[in-house]
Structures are given as C-alpha cells and as structure tokens.
Amino acid sequence: MRRLGIRLLGTSAALDELRQALAPYGHELAAQAPAIDLLIEDGSQPVVQELAGMAVMSLRLSIGALSECGLPILQIRCYDRIQQLLAVLDVAPPSCGNGQQLRRQAIARLIEWVALQVSGFSRNPGHFVQRASASKVPEQSLQGLEGLAYLHRFNRTDNPGLIQKARTPLIEQLEHGLRTFADRPALEIAGLTLNYRQLLRHSLAIQQVLQPLLGSGQAPVVGICLGKSVGLYASILATLGCGAVYLPLEPGHPLPRQQAMLENAGAVVLLDDGQHPLRRHFTAVDVSRIDSQHMDDSRPLALTSPSTDSACMVLYTSGTTGQPKGVLLSQQNLAHFSAWYSQYVELTEHSRVLQFSSLSFDSSLIDLFAALCQGATLIVPSEEQRRDPHQLVELIQQRRVSHAFLPPALLSLLPLDRPLGLEHLLTGGDICEPHVIARIAGQCALHNLYGPTEATVLVSSHRMRADDSNLNLGTPIANSQVLILDEQRRPVEDQVVGELYIVGPGVSLGYVNQ
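Residues numbered from 1 in each chain as written. Predicted model: local features only at pLDDT ≥ 70, side-chain atom pairs only at ≥ 80, totals over all residues. Heavy atoms only, no water.

Engineer: Where do I start with the overall build of the protein in this structure?
Structural biologist: Secondary structure assignment for the protein yields 15 helices and 24 strands. For 514 residues, the compact-globule estimate of 2.2 N^0.38 gives 24 Å, and the protein exceeds it by more than 25% at 30 Å. Each principal axis of the C-alpha distribution contributes one length, and for the protein these read about 95 × 55 × 45 Å. The buried share of the protein, reckoned over its 514 residues, is 53%. Pairs at least 24 residues apart make up 62% of the contacts formed inside the protein by residues separated by at least 6 positions. When the accessible surface of the protein is totalled, it reaches about 23,100 Å², and 50% of it is carbon and sulfur. One way to put it: in the protein the 39 positive side-chain charges average out to a point 4 Å from where the 47 negative ones average out. (Helix = DSSP H or I, 4+ residues; strand = E, 2+ residues; numbered from the N terminus. Rg over C-alpha atoms; globule rule 2.2 N^0.38 Å. Buried < 20%, exposed > 50% of the residue type's maximum accessible area, 1.4 Å probe, protein only. Contact = heavy atoms within 4.5 Å. Areas by Shrake-Rupley, 256 points an atom, 1.4 Å probe, with all protein chains shown as cover. Lys, Arg positive; Asp, Glu negative; His and termini not counted. Charge placed at Lys NZ, Arg CZ, Asp CG, Glu CD.)

Engineer: Would you mind showing me how to read unusual backbone geometry here?
Structural biologist: Keep in mind that most residues, glycine aside, have a negative phi and that most peptide bonds are trans. The phi dihedral of A190 falls on the positive side, at around 50 degrees, and the residue is not glycine. You can see A190 is positioned in the loop between β7 (185-189) and β8 (192-195). We note that V457 has phi near 80 degrees; this positive angle belongs to a residue other than glycine. Within the secondary structure, V457 sits in the loop between β19 (445-450) and β20 (460-464).

Engineer: Help me out: how do you make sense of the packing of helix α5 (residues 170-180) against helix α9 (residues 331-344) in this one?
Structural biologist: A pair of packed helices is characterised by two quantities: the angle between their axes and the separation of those axes. Following both chains from N to C, one finds α5 and α9 inclined at 45 degrees, their axes separated by 8 Å at the closest point. Viewed along their axes, α5 and α9 adopt a mutual orientation that is oblique. Residues L170, I171 and Q173 of α5 form the contact with α9, whose own contacting residues are Q331, L334, A335 and S338. When grouped by side-chain class, the residues that make up the contact of α5 with α9 number four nonpolar, three polar and no charged. (Axes fitted to C-alpha atoms, helices over the stretch in contact; angles between N-to-C directions. Parallel < 35°, antiparallel > 145°, perpendicular 65-115°, else oblique. Nonpolar A, V, L, I, M, F, W, Y, C, P; charged D, E, K, R; others polar.)

Engineer: Looking at this structure, I do not really get the packing of α5 against helix α7 (residues 230-241). What am I missing?
Structural biologist: Two elements in contact, α5 and α7, have axes whose closest approach is 9 Å; the angle formed by their N-to-C orientations is 130 degrees. Classed by the angle they form, the pair α5 and α7 counts as oblique. The crossing of α5 and α7 is left-handed. Here L170, I171, L174 and L178 of α5 lie close against α7, whose contacting residues are L237, L240 and G241. A class-by-class count of the residues in the contact of α5 with α7 yields six nonpolar, one polar and no charged. (Left-handed = near helix turned anticlockwise from the far one by under 90°.)

Engineer: Please clarify how the packing of aromatic side chains should be interpreted in this entry.
Structural biologist: The geometry of an aromatic ring pair comes down to the distance between the two centres and the angle between the two planes. For the structure on display, the rule yields five aromatic pairs. Between F181 and Y196 the ring centres are 6.3 Å apart and the planes differ by 55 degrees, which places this aromatic pair in the tilted class. One end of the pair, F181, is in the loop between α5 and β7; the other, Y196, is in helix α6 (residues 196-210), with 15 residues separating them in the sequence. Note on Y196: relative accessible area 0%, which makes it buried. Ring geometry for F337 against Y341: centres 5.9 Å apart, planes inclined by 15 degrees, an arrangement best described as stacked. In this pair, F337 and Y341 are both assigned in helix α9, four residues apart and thus about one turn of the helix distant. Each member of the pair, F337 as well as Y341, is classed as buried. An aromatic cluster is defined as three or more aromatic residues linked by ring pairs; in this entry it consists of F337, W340, Y341 and Y344. (Phe/Tyr/Trp six-rings, centres within 6.5 Å; stacked < 30°, edge-to-face > 60°.)

Engineer: What exactly am I supposed to notice about the pattern of salt bridges here?
Structural biologist: Oppositely charged side chains can pair when the atoms bearing their charge come close. Under the counting rule described, the total for this entry stands at 19 salt bridges. One salt bridge in this structure joins E41 and R60, with 2.9 Å as the shortest N-O distance. Of this pair, E41 sits in strand β2 (residues 38-41) while R60 sits in strand β3 (residues 55-66), and the two are 19 residues apart along the sequence. We classify E41 as buried; its relative accessible area is 3%. Of the charged contacts in the structure, one is a salt bridge between R465 and D467, with a shortest N-O distance of 3.6 Å. Judged by relative accessible area, D467 falls into the exposed class, the value being 64%. Each of the salt bridges in this network shares a partner with another, and the network as a whole consists of D183, R197, R201 and D297. (Salt bridge = Lys/Arg side-chain N within 4 Å of Asp/Glu carboxyl O.)

Here you go:
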C-alpha cells in the first residue's frame, strides 16, 4: 500500500468529516503540488490547479424524489478528472422521516465509501478505471447535505390555498361574513339572540364614535375592557374596522396590570362600560350608551385596506417571567389562523361555537374570528355557567353546541355520564387526564392543541384516539414547521432533547416596544 499525497478541496462539513476519518490511514492529507497523488473535491470551490498526473475524485450530491417517509432519496456521484462517472452511492432515507438522521447517515456512508476507494487506489494506481451510470436527477455540491438536516416528514405542511386566502385582511373577511350571513344568528348571549346584521349595525355605531378619536397615526391601539356582551364583540369589530390595534383587557384583572398594559401598548382610546377606574387617564368611550337602532348598515366597516403585515391585535402573555410582554399579531397571523381553523374543524354557517375563553387569553381566538368569518353562531355562557361544570354541560347540550374549546382542568371536572353532543372538542395548554381522553375521544373529535401566543395561539394539533398518550402534541398545522435544535441551532435526531423553533405564517410581529 502506497502512502498517498491527498489534497481535499472544499468547504462542506462532509469533506471535513472525511478528512478526520482518513487521518488514521497514514496518508499525507495536506499535500501540495507536485506531490499530490489524489485530489478529492466536493464541488463547493473551483479547481484552479493543473490536474495532470493526479487522480481526481469529484464528489457530487443528487437529491431525488421524496420517499414514503417524506424524505428524498440521495445519490452521491464520483467523477474523475475528465468528468467521467466512476461510481455512484445510493442512500435510502430512514423510515422515521428525520432529515438530520438522513444527513448523518449519508455522510457516514460517504466516508466509508470514499475510504474504500482511497484504499483501492493506494494499492492499485489503475483503480479508477471503472465506469457507472447515474440517475437523471440534477446534482450539486456536497454542501447540499446540510440543508437536509432541516427536513422532517411532519413539516411537509404546504397549503397554498390557505396562504392565498390569508392575503385578504382579516377585517375584510369579517365584514364579508357579517354581510353574507346578515339574517343568521351571530350571538346567543344573556338570553338574547342577535343576528349578523344587528351585530354589524352595533359595530358601525361604535366605530362612528371611535374613529374621530384615533387621530392620524398608523395603527393606533384601542384598549377594550368589557364583560362579555354585545358591546364587547361589536367593539372588537369596530376597532379592527378603523385599522386600529385591538388590546383586550380583562375586567377582573388588577388595575395596576391593566394600566401597565395600556401604557406599554400606547393605547389612545379605552372602550368600556362607563365604570372603569382608569378611564380618567385615557380618552374613554362608554359603549353602553351608543345607540345602533337607526344605524345605516350600508356604510363600510373596513375603513382602510390594511397590509397583511400590519398589526391588528396585541395580546399580553401571563407574565411568568415577572413582566408581561405584549405580543403583536398581524392581519396575516389572524387571517391565516382563522382560515386554517375553519377548515380543520369544518366550520360552516350551521356551526354553533361555544365562546368560553376570556377575551384576554389567546385561546379566545379559537372561538371568535373563524366563527364570525364563516357565519357560525357564538354561544356565550354566563359567568355562573362558566364556573359550574354541570351548568356548562347543560348549556352545551341544550343549545346544541357543535364546537368548543375547553381547558384540560375543566374537562376533568365535567360530568361525562352522557355524551356532550359536540362535533369537535378542542383542548390545550396543559395535559389531559387519560380517563378524559378515553371517555371523550369516543363520542366526538377530540383535538389537543399546542403552541405559544407568539405563534398565534398554536402551532401543532392532534386528533386524539381513546388510547392515545396525553403527551402527544401532534404535528405542525398548515404552512408551519417545527424545528427542534441543539445549542448550536442544528436539528437534533429523533428522541433527542432540544429547543423548539417555529416557522410559519403564525409567527407574530414581535413584542410591543421591543
């Protein structure tokens, strides 16, 4: 066996690992002309030196069609100095669908394969005379292996139709729903039933008072602090229609917290019921005194056509780190979420949606905008019904609720001796008890949702079976990807702990004033 003078040319991680693997064989790996017997290059840099008198291994990568596991079939090709194909190495993807495992598997196979070729050449100068044939798939440098690490079968979520739909601003979709379903019931609340035309009129009446107070600045923030009422939902629509940013405030939260949120967000107007203790510090509007009876509903609700990346809502996190942060959500964030959710749970104008969550929590977005865009009816429980599991179940059954989001802690308290009658029950934010999953998954579609506020409510979902693990967070929703990365922000293999990174149209604009 000869001691070869080998030059490795390129910048790929695969070539660097190959250099380390060849080191124990005793060859000179930093050879310079004219002592180079073998040049190994990965296609990432031009070959500028004279190749006469030396053997060449030009390594290229071909990324083929996707396999059943959602990853591509690979082919590594080796050419000589006159670009004749010497050999090919086919690499099948792992069944787990993890791109990092495919990358590492490909590099390991490549190193073993090249080491075998080098060993053959060291024993026989005429080793590189064989010929091979390759697939017709285009090729690239070995640097292409790095991008494979970020692939995963669960992240194949492309849905161009939803992306296209999300280009229509949320307020325009809401106004379309208000007018298309004008005579259908929009709200059932406190013993009243309000149709979409009445809700539109109420929204327009509030908007007529609100709009002159907003000034000429872009995306002014409007704080809304109201109990669940017709005025609350109309105020939200009026605010969005003005092109303003909606800031929900919970009436029962401590005043210092509410004041901090209003000041941090730079709110210019506060909509309330005339009783809020902070109203003297802000321009305030008592929406309970606004009469919509004679409002002309032919007036447009959407006074502007906002861009998809303009802010339309700010939601404050719970403040577990000590200081709540205001998450800015865009028109696209909410439009895409609403479009995805409507499709996911098959919302129609015949759906009856329980509006359970407080409007200051991001889970309220599950109840609210998608339902109004689709002409569904919002069923709003009283505070007593929200707090009493027996009364809540009675409401769900008597009012024929079809869709509901309820937190796991509440599901554990519900009397489940009779079917709830729901079509879709959604939960998330904590772990469901196994007996709850077993009981409910058999009577309706039970969905576990996961995601931070910064990703517009959620990023993954899972329809649970009766025997499912309560730790299953599901797979990414449409057009979204979830990456689990190590400390160097490289994807990890399956069953390896890392940090969660989220990509997609749900990722918010960031934090207020940060």
